[in-house]
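# Examining the three-dimensional arrangement
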Amino acid sequence: MIQLVRGFKDILPPETAVWRHVENTAREHFEKFGFREMRPPVLEQTALFQRSIGEHTDIVEKEMYTFAGSRDTMLTLRPEATASVVRAYIQHKLYAADPVCKFYTIGPMFRRERPQKGRYRQFHQINAEVFGIDSPYIDVQLIFMLMTYFSRLSVTGLSVHLNSLGCPECRPAYRQKLSEMLSDRTGDLCEDCVRRLEKNPLRVLDCKKEPCRNAVSDAPSMLDFLCGDCRSHFRAVQAALDAIDIPYEIDPRLVRGLDYYTRTAFEIQTEELGAQNAVAGGGRYDNLVEMLGGPSQPAIGFAIGADRLVELVETKIPAPEPGPVIFLAPMGEAAMELAAKWACLLSDAGVRTEADFSGRSLKALMRRADRLGAENVLIVGDREIEQNEAILRNMKTRDQKSLPMDRLVESVLEHEG
Ligand code: AMP
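Summary of the structure given here. (Residues numbered from 1 in each chain as written. Predicted model: local features only at pLDDT ≥ 70, side-chain atom pairs only at ≥ 80, totals over all residues. Heavy atoms only, no water.)

### Topic: the overall build of the protein
- In terms of regular secondary structure, the protein is built from 15 helices and 16 strands.
- For 417 residues, the compact-globule estimate of 2.2 N^0.38 gives 22 Å, and the protein exceeds it by more than 25% at 28 Å.
- Residues classed as buried in the protein amount to 50% of the 417 residues present.
- Counting contacts in the protein only where the partners sit at least 6 residues apart, residues at least 24 apart contribute 69% of the total. (Helix = DSSP H or I, 4+ residues; strand = E, 2+ residues; numbered from the N terminus. Rg over C-alpha atoms; globule rule 2.2 N^0.38 Å. Buried < 20%, exposed > 50% of the residue type's maximum accessible area, 1.4 Å probe, protein only. Contact = heavy atoms within 4.5 Å.)

Structural data, given as structure tokens:
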């Protein structure tokens, strides 16, 4: 038997109901904040991710599903959505009418990571991106939208972790300092971090391995290196968060796994999911639009890990799975032919209908209707056809009613209306 690919998963009913609840709530909530849905493709040119996420990140170095396309272009299944949204913003000149654009996207992402609980090779993200505003108030509005979204889903026990990653003005000095400190400790670092140290020492702060974490435990903080503009931006973010009562923790180790971030970086963590505790992450990427060939436009966004969010939501609301309103139990060929037509017409008229064409005994059909949680069973056999009356039985009260067969669909609709 052919099985699922490792790290991939099927999302099955009734869990799908929770996914739809999570996604629809995001749509409704985000649209109130002025966001519109964008649906970029899942396949892009590899160069897009190399240039945006960064050559020396784990994602680009070892986690992308890449293959050759036509005419020597390399193609990659998207590992994240921001790069695609930025590409679309530039390619379709979405900034032309108004540089301020707000988009959200919902869909699957692909990373060849080591599969474990809460970490999959195809996972799903709900993203929101804002272009054209560098004000710290938009950072705070975005975090507010995110946290109130979680509240709407009744997900609690979340904390906001906040940092500033500075800008191309102030980050090089920090990078230099960190690099100097870590070069004395290469013996303590993992192989990957020794390599990262040369290309991108900030990545070492992101390593989850114990020896590397110890090696950076007394590392200098980016916050001490912020330039005047970045410092006042970060202060304003904190003041505005205080003003709308969103608690947060400053976490100078928070660098996020992607290179394009500048200034505000944040992560939403939970205590309930074990090692994979980040439910969402985001930050500013003020230089990315220009870096990818667009106009100079500041931007900020976040990505929610929908798989992890669904786990948190699932523990709180059981997926509602309503049974059929009408279960058609036909007996005999003539009855089945009628039932087939009624089932189609009733479903089309908006009544949840299930018909059983197995030809089994009435007792077996009633048992199945009961198992499915049917509200009513409509019984029709040769005798009913002769008398031109089908029997509608309420499964809860056991009441029975005869319905005229020549007006059956209308009668059911009146009965249920
Ligand atoms: P990132 O795009 O790496 O900033 O991740 C944003 C969010 O996506 C994380 O906080 C996770 O909730 C989720 N996420 C990232 N990678 C995975 C994965 N492999 N499996 C499940 N969720 C993931």
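Moving on from the coordinates now.
### Brief notes about the sheet that holds strand E1 (residues 36-37)
- Taken in spatial order, the eight strands of this open sheet run E1-E5-E6-E11-E10-E9-E7-E8, and their pairing is mixed. At either end of the open sheet lies a strand with only one pairing partner, and these are E1 and strand E8 (249-250).
- Strands strand E5 (101-110), strand E6 (122-131), strand E7 (158-164), strand E9 (262-270), strand E10 (278-284) and strand E11 (299-305) of the sheet are contacted by helix H5 (residues 136-152), whose axis makes an angle of about 15 degrees with E11. (Pairing = 2+ DSSP bridges. Axes fitted to C-alpha atoms, helices over the stretch in contact; angles between N-to-C directions.)

### A few points about the site of the ligand
- Arg111, Glu113, Tyr120, Arg256 and Ala278 are the nearest of the 15 residues found near the ligand.
- A distance of 2.9 Å separates a nitrogen atom of the ligand from a polar atom in the backbone of Tyr120.
- Between the ligand and Gly305 there is a distance of 3.5 Å, counted from an oxygen atom to a backbone nitrogen or oxygen.
- Contact with the protein chains removes 93% of the 490 Å² of surface that the ligand exposes when unbound.
- Of all the secondary-structure elements, those providing two or more residues to the shell around the ligand are E6, E10 and E11.
- Here the element with the most residues in the shell around the ligand is E10; it accounts for three residues. (Near = heavy atom within 4 Å. Polar contact = N/O pair within 3.5 Å; in protein donor to acceptor, adjacent residues only side chain to side chain. Areas by Shrake-Rupley, 256 points an atom, 1.4 Å probe, with all protein chains shown as cover.)

### Here we look at the packing of helix H12 (residues 333-348) against helix H15 (residues 408-416)
- Between H12 and H15, whose axes approach to 10 Å, the crossing angle comes to 40 degrees. Put simply, H12 runs oblique to H15. Crossing handedness for the pair H12 and H15: right-handed. The residues of H15 that touch H12, namely those facing Trp342, Leu345 and Leu346, are Leu408, Val409, Val412 and Leu413.
- Residues belonging to the contact of H12 with H15 are distributed by class as follows: seven nonpolar, no polar and no charged. (Parallel < 35°, antiparallel > 145°, perpendicular 65-115°, else oblique. Left-handed = near helix turned anticlockwise from the far one by under 90°. Nonpolar A, V, L, I, M, F, W, Y, C, P; charged D, E, K, R; others polar.)

### Quick word on the pattern of salt bridges
- All chains considered together, the criterion is met by 21 salt bridges.
- For Glu384, the salt bridge identified is with Arg383, shortest N-O distance 3.9 Å.
- Residue classification places Glu384 among the buried positions, given a relative accessible area of 8%.
- Using a relative accessible area of 56% as the deciding quantity, one classes Arg383 as exposed.
- Overlapping salt bridges, with partners in common, bring together Asp58, Glu61, Lys62, Asp192, Arg195 and Arg196 in one network. (Salt bridge = Lys/Arg side-chain N within 4 Å of Asp/Glu carboxyl O.)

### Regarding the packing of aromatic side chains
- A full pass over the atoms with the stated rule returns 14 aromatic pairs.
- With a centroid separation of 6.3 Å and an interplanar angle of 55 degrees, the aromatic rings of Phe33 and Phe144 are classed as tilted. Residue Phe33 is found in the loop between helix H1 (15-32) and E1, and its partner Phe144 is found in helix H5; the two are separated by 111 residues along the sequence.
- We classify Phe33 as buried; its relative accessible area is 18%.
- Judged by relative accessible area, Phe144 falls into the partly exposed class, the value being 30%.
- Residues Tyr260 and Tyr285 carry aromatic rings whose centres are separated by 5.6 Å and whose planes lie at 65 degrees to one another, so their mutual orientation is edge-to-face. Of this pair, Tyr260 sits in the loop between E8 and E9 while Tyr285 sits in the loop between E10 and helix H10 (288-291), and the two are 25 residues apart along the sequence. For the pair Tyr260 and Tyr285, one class covers both residues: buried.
- By way of ring pairs, the aromatic residues Tyr89, Tyr95, Phe103, Phe131, Tyr260, Tyr261 and Tyr285 are connected into one cluster. (Phe/Tyr/Trp six-rings, centres within 6.5 Å; stacked < 30°, edge-to-face > 60°.)

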